[in-house]
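Structure assessment
The primary structure of each chain is shown beneath.
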Amino acid sequence: MAQDKKVTQTKAKVLIIGGGPGGYVAAEKCGQLGLDTILVEADRLGGTCLTRGCIPSKALIHAASRFEAITAAATTGQFGITVDAKPKLNFMETVDWKDGIVGKLESGVAGLMKRAKVRVINGWATFSDAKTCSIETAEGTVVVSAEHVILANGSQPVELPFLPFGGIVISSTEALSLPDIPKRLVIVGAGYIGLELGIAFRKLGSEVTIVEAQDRILPLYDSALVTPVRRWLDRHDVTLHLGVKARGLGVDGRSLEIETTNHETITLAADRILVTVGRKPVTDGWGLENMALTMDGRFIKVDDRCATSSRNVWAIGDLVGEPMLAHKASAQAAIVAEIIAGKKRRFDPVAIPAVCFTEPEIVSVGLSPDDAKAAGIPATTQSFPFQANGRALTMAAGDDGGFVRVVSREDGRIIGIQAVGQHVSELSGEFAHAMEMGSVLADVAGTIHVHPTLSEAFHEAALKSMPHG
Amino acid sequence: MGQYIFRLPDIGEGVAEAEIVVWHVKVGDRIEEDQSLVDVMTDKATVDMTSPVAGIVTAIHGDIGAMLPVGSPLVELDVEGYVGDTSAASTPTQPAPNPKPDPAPVAAPTPKATPAVATTPKVAPAKTAAAPAFATRPAGDAPLASPATRRRAHELGISLQYVPGSGPAGRITDDDLDTYIASGGSIGTSSATTAPKTTVTDTRIIGLRRKIAEKMQDSKRRIPHFTYVEECDLTELEALRQDLNANRSSDQPKLTLLPFFMRALVRILPEFPHVNSRYDDDAGVLHSFDGVHIGIATQTPSGLIVPLVRHAETLDLWDCARELARVSQAARDGTASRDELTGSTITLTSLGALGGISATPVINHPEVAIIGPNKLVDRPIVQGPYVTIRKMMNLSSSFDHRIVDGYDAAQFIQRLKRMIEHPALIFMN
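Quick caveat: nothing in here was measured; it's all calculated off a predicted structure.

The number of helices and strands found in chain B is nine helices and 18 strands. Looking at the 429 residues of chain B, the share that counts as buried comes to 34%. A fraction of 66% describes how many contacts in chain B between residues 6 or more apart in sequence connect residues 24 or more apart.

Written out as structure tokens, the structure is:
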């Protein structure tokens, strides 16, 4: 077999593995900095984020929200709007629309690579040593040796051994490209991915049941932030089974067996079982073991420059640890590219903002009140409810219990900002900016915020935190 | 009596910590102002710390060999009439930055550590006790600065941990950074503006360059080179050359020195037939030639090429110059034929104005000799009781020591020297 396959050898200054928001940003930046760069992607450019994560899920969530709003108009009416007939959903068209967005962005990435003069190789890379890899492509094998290697292999959904993917058991990837809306959707894992998708499918008409081993949903967020989401789930008849263990498929193959804390076994009928129990770095199958890199648990160990234990081998994104977020990967990518180009850089953000696109949305930047307490920092926490925000009321976004919360130190320095409410994801930029600039309460209080906008709630929360007089 | 705490001052030049080397005082000692307290060593120098005040030592901090960060309490003193510091032990969260009393750089002279010269850091006690104008950071707290300021500090190699921030909550502004730098505060060791260049460019040695590499390697591997350098007085030859050039007809080429060397070689080589040879060392046969085929080492855009002037014995001076110009131009143009590139029996290599003082020419294998005139220069020369200025040129040469003994080589060069020093000999029959 090896004889009839073409083998070509090539060299590059920078070899980047993975075309996601880590890898393609690194490639673009390296190219712009004049470095001879090769980007290797086995699947589609854009990686998890663009093709089976952030982007397609947000498209689906948006379509689901529109469908829900129109359905509401058809049943009870809203804002004086009524619709005579119930809206119909052609889910195949929804998926096509979503795929169209993904395709557009994917070709956009390809264009960026072209403009930055990055050589993109479509194939699976396997390293034989830290600086050399062979790539199996449709045309044959390409052996690349590079001066610098940037690993941006990303992550993949965690599979449960007693509930392997296949048949009705699906991961988030399949959930974003289902042929139809499952009538009964059971979700294992109440983290942000499970909840985002569960809420979207509920809006699209599925009966949704969520199973979670811990005794609460969204275990990474404090209860104040989660309560509005919990309330939405309750109001929309999403069944929650908390503190239970998934046991495996039922004997009929169309149900999930769970065990409650009382050791009772319950069988949940399901057309689809979506397993969202987390993601793990992709560390198998590409020769990581030949690279002799120091690991940090299941992640690759890097320093604050994203340097691995091997000289001129860099790793970014989901491979190097939590949080596994696209924007963290992109930020690290830019830093590594500049370091390779000879600049002195390090990855030292004050905070990496995180958003849950649930209903309502959650934003978190910096320390929560509990984090501050655990760190022994005397802190003041103040919230401002969207119920008292004019813009929220005009968008019917004031009655779901949302708020903006500011955590500040005694000297006024803001150490954490969180919000829950409709559309609050768009506030994440202001929050992160305030944190990075080292803002104190007076900085936010002294910034004129547009009326009427949701951002006024941030202004108000900062004002409330300040000592009077 | 008041408690005065002497802290390890900012010794400057990027020093963040220092090692205690020798204690000069112990608890209970009564010390005078400027008396030595302790020697501390940084990676740059050993510095003698003297007391800014007189008093009685009540506590010393740090064993010999201990590394202390800048700002750490070193010595506690009971000072007459001093009101201020509380005990060091009761202020564990005192900031690491040196207690600069005032953000204005002039008010806070930072002692410079100079090797071998003990300096005396002055820290005014009263001011140290005064509330600093900037907010302080709790120990271990990340410094507060915008991403742009953080990046700039990192590029400058400055740890913001030691930069006083003037902004709210101790925020460090760009101005604070400038003030810190201006006050002698410690730019890191690495140069700020020039990042190390790590690029290595690989070029495959192919084509002519590979041929050159192989030829040179082959020559040096096979031939034990014997190099001989002699000094020649070319005053007469130069005079002749300039006269000929000044009076040449329009169809005559401009003469360089090389045609004279070619003619001189033609005249003397019959006396040294083994020098005008090609040595087939694989076969163990030396081919000595009656005809003189002179290789002309020529720099072309793609590298060194040695075309040759055939049968120089048939050419007069002007023809030598013409032929020399023609073959070297052909080599540069890449139009030289195979015949014009192979078969030389001896080679001339001259770098002209770049000729230098001497060289060790590499023999054009399978030849056995190569002659390399160096640069022609005016030099003071002793002639009898006088020093005069003469046009001097060194003549470097290498011989295949398997064929040409040192004695013969020297004889050959001395004959050549005589020829070119007395150019009339070149033209005499």
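A separate point is the overall build of chain A. Looking only at helices and strands, chain A features 13 helices and 23 strands. Buried residues in chain A amount to 45% of all 469 residues. In chain A, the proportion of contacts linking residues at least 24 apart, taken out of those at least 6 apart, comes to 64%.

This brings us to the packing of helix 6 (residues 258-268) of chain B against helix 8 (residues 406-421) of chain B. Residue and element names in this part refer to chain B. Between helix 6 and helix 8, the least distance of the axes is 10 Å, while the angle of their chain directions is 130°. Considering the angle they form, helix 6 stands oblique to helix 8. The hand of the helix 6/helix 8 crossing is right-handed. Mapping the contact onto sequence places Phe-260, Phe-261, Ala-264, Arg-267 and Ile-268 in helix 6 and Arg-415, Leu-416, Met-419 and Ile-420 in helix 8.

Let us look at the nonpolar core. Residue and element names in this part refer to chain A. Leu-15, Ile-16, Ala-26, Ile-150, Ala-152, Ile-316 and Val-336 are the most contacted members of the largest nonpolar core, which totals 165 residues. Per-element tally for this core: the top contributor is helix 8 (residues 326-340), with nine residues. Not counting chain neighbours up to four residues away, the residues in contact with Leu-15 comprise Ile-38, Cys-133, Val-144, Ala-146 and Val-149.

We now examine the interface of chain A and chain B. In many analyses, interface size is given as the accessible surface area lost on bringing the parts together. Residue-level contacts link 13 residues of chain A with 15 residues of chain B. Of the residues assigned to the side of chain A that touches chain B, the class counts are three nonpolar, three polar and seven charged.

All names here are of chain A. Here helix 3 (residues 54-75) contains 22 residues, and its C-alpha end-to-end distance of 31 Å stays within 8% of the 32 Å for a straight helix at 1.5 Å per residue. By the burial criterion, the buried members of helix 3 are Ile-55, Pro-56, Ser-57, Ala-59, Leu-60, Ile-61, Ala-63 and Ala-64. Buried positions along helix 3 lie against helix 2 (47-52), helix 4 (91-115) and helix 6 (192-203). Within two residues after helix 3, Gly-77 carries a phi angle of roughly 80°, on the positive side.

Glycine aside, the phi torsion of most residues is negative, and most peptide linkages are trans. Residue and element names in this part refer to chain A. In the segment running from Glu-322 into Pro-323, the intervening peptide bond is cis, with an omega of -10°. Along the polypeptide, Pro-323 turns up in the loop between strand 18 (313-315) and helix 8. A cis amide bond links His-451 to the next residue, Pro-452, at an omega of -5°. Inspection of the secondary structure assignment puts Pro-452 in the loop between helix 12 (441-445) and helix 13 (456-465). For Asp-237, which is not glycine, the phi torsion reads 60° and is therefore positive.

Another aspect to go through is the sheet that holds strand 11 (residues 245-249) of chain A. All names here are of chain A. Taken in spatial order, the three strands of this open sheet run 11-12-13, and their pairing is antiparallel. In this open sheet, the two strands that pair with only one neighbour each are strand 11 and strand 13 (265-269). Here the strands of the sheet are splayed against their neighbours by 30° on average, with no regard to which way each runs. As paired strands, strand 11 and strand 12 (residues 255-259) are joined by four bridges and run antiparallel to one another. Opposite Leu-249, over in strand 12, you have Leu-256 as the bridge partner.

For the rest of this paragraph, the subject is the environment of Asp180(A). Residues and elements named next belong to chain A. By secondary structure assignment, the location of Asp-180 is in the loop between helix 5 (172-175) and strand 8 (184-188). You can call Asp-180 exposed: it has 11 C-beta atoms within 10 Å. Distance from Asp-180 to Asn-90, taken between C-alpha atoms, is 8.6 Å for residues 90 residues apart in sequence.

It is worth spelling out the confidence of the model for chain B at this point. Interpretation of this model should avoid reading the predicted coordinates in detail wherever pLDDT is low. Residue and element names in this part refer to chain B. Across chain B, pLDDT averages 81, with 81% of residues at or above 70. Taken element by element, the predicted model of chain B shows its lowest mean pLDDT in helix 1 (residues 125-129) (34) and its highest in strand 16 (residues 346-348) (96). Here residues 86-136 is modelled with pLDDT under 50, and outside its nearest four sequence neighbours on either side it reaches 107 contacts, counting other chains as well. Every residue in residues 188-192 is under pLDDT 50, and counting partners more than four places away or in other chains gives eleven contacts.

On to the sheet that holds strand 23 (residues 414-421) of chain A. Residues and elements named next belong to chain A. Strand order across the open sheet formed by five strands is 19-20-23-22-21, with antiparallel pairing between neighbours. Each edge of the open sheet is held by one strand with a lone partner, namely strand 19 (354-356) and strand 21 (379-385). For this sheet, the mean angle separating the axes of adjacent strands, direction not counted, is 10°. Here strand 21 pairs with strand 22 (residues 403-409) via seven bridges, running antiparallel.

Residues and elements named next belong to chain A. The element strand 23 is largely enclosed, with a buried count of eight among its eight residues. Bridging between strand 20 (residues 361-366) and strand 23 involves six bridges; their strand directions are antiparallel. Across the sheet, Ser-364 pairs through a bridge with Gln-418, a residue of strand 23. With six bridges connecting them, strand 22 and strand 23 associate as antiparallel partners.

Quick look at the environment of His241(A) now. Residues and elements named next belong to chain A. Following the sequence through the fold, His-241 ends up in strand 10 (residues 239-242). Residues His-241 and Val-211, 30 residues apart in the sequence, show an inter-C-alpha distance of 4.8 Å. Apart from the residues within four sequence positions on either side, His-241 is in contact with Thr-209, Val-211 and Ile-258.

Residue and element names in this part refer to chain A. As a packed pair, helix 3 and helix 4 sit with axes 9 Å apart at the nearest point and diverge in direction by 145°. In this structure, helix 3 meets helix 4 at a crossing whose hand is right-handed. Listed contacts from helix 4 to Ile-55, Pro-56, Ala-59, Leu-60 and Ala-63 of helix 3 are Thr-94, Lys-98, Ile-101, Val-102 and Leu-105. Looking at the contact of helix 3 with helix 4 residue by residue, the classes come out as eight nonpolar, one polar and one charged.

Residue and element names in this part refer to chain A. Looking at the secondary structure, you find Glu-338 in helix 8. Classification of Glu-338 by C-beta neighbours within 10 Å gives partly exposed; the count is 16. Ignoring sequence-local partners within four residues, the contact set of Glu-338 consists of Lys-343 and Arg-345.

Conventions and cut-offs
Residues numbered from 1 in each chain as written. Chains lettered and ligands numbered in written order. Predicted model: local features only at pLDDT ≥ 70, side-chain atom pairs only at ≥ 80, totals over all residues. Helix = DSSP H or I, 4+ residues; strand = E, 2+ residues; numbered from the N terminus. Buried ≥ 20, exposed ≤ 12 C-beta atoms within 10 Å, placed from the backbone. Contact = placed C-beta atoms within 7 Å. Axes fitted to C-alpha atoms, helices over the stretch in contact; angles between N-to-C directions. Parallel < 35°, antiparallel > 145°, perpendicular 65-115°, else oblique. Left-handed = near helix turned anticlockwise from the far one by under 90°. Core = buried A, V, L, I, M, F, W, Y, C linked by C-beta atoms within 7 Å. Nonpolar A, V, L, I, M, F, W, Y, C, P; charged D, E, K, R; others polar. Expected span 1.5 Å × (residues − 1). Pairing = 2+ DSSP bridges. pLDDT = per-residue confidence, 0-100.

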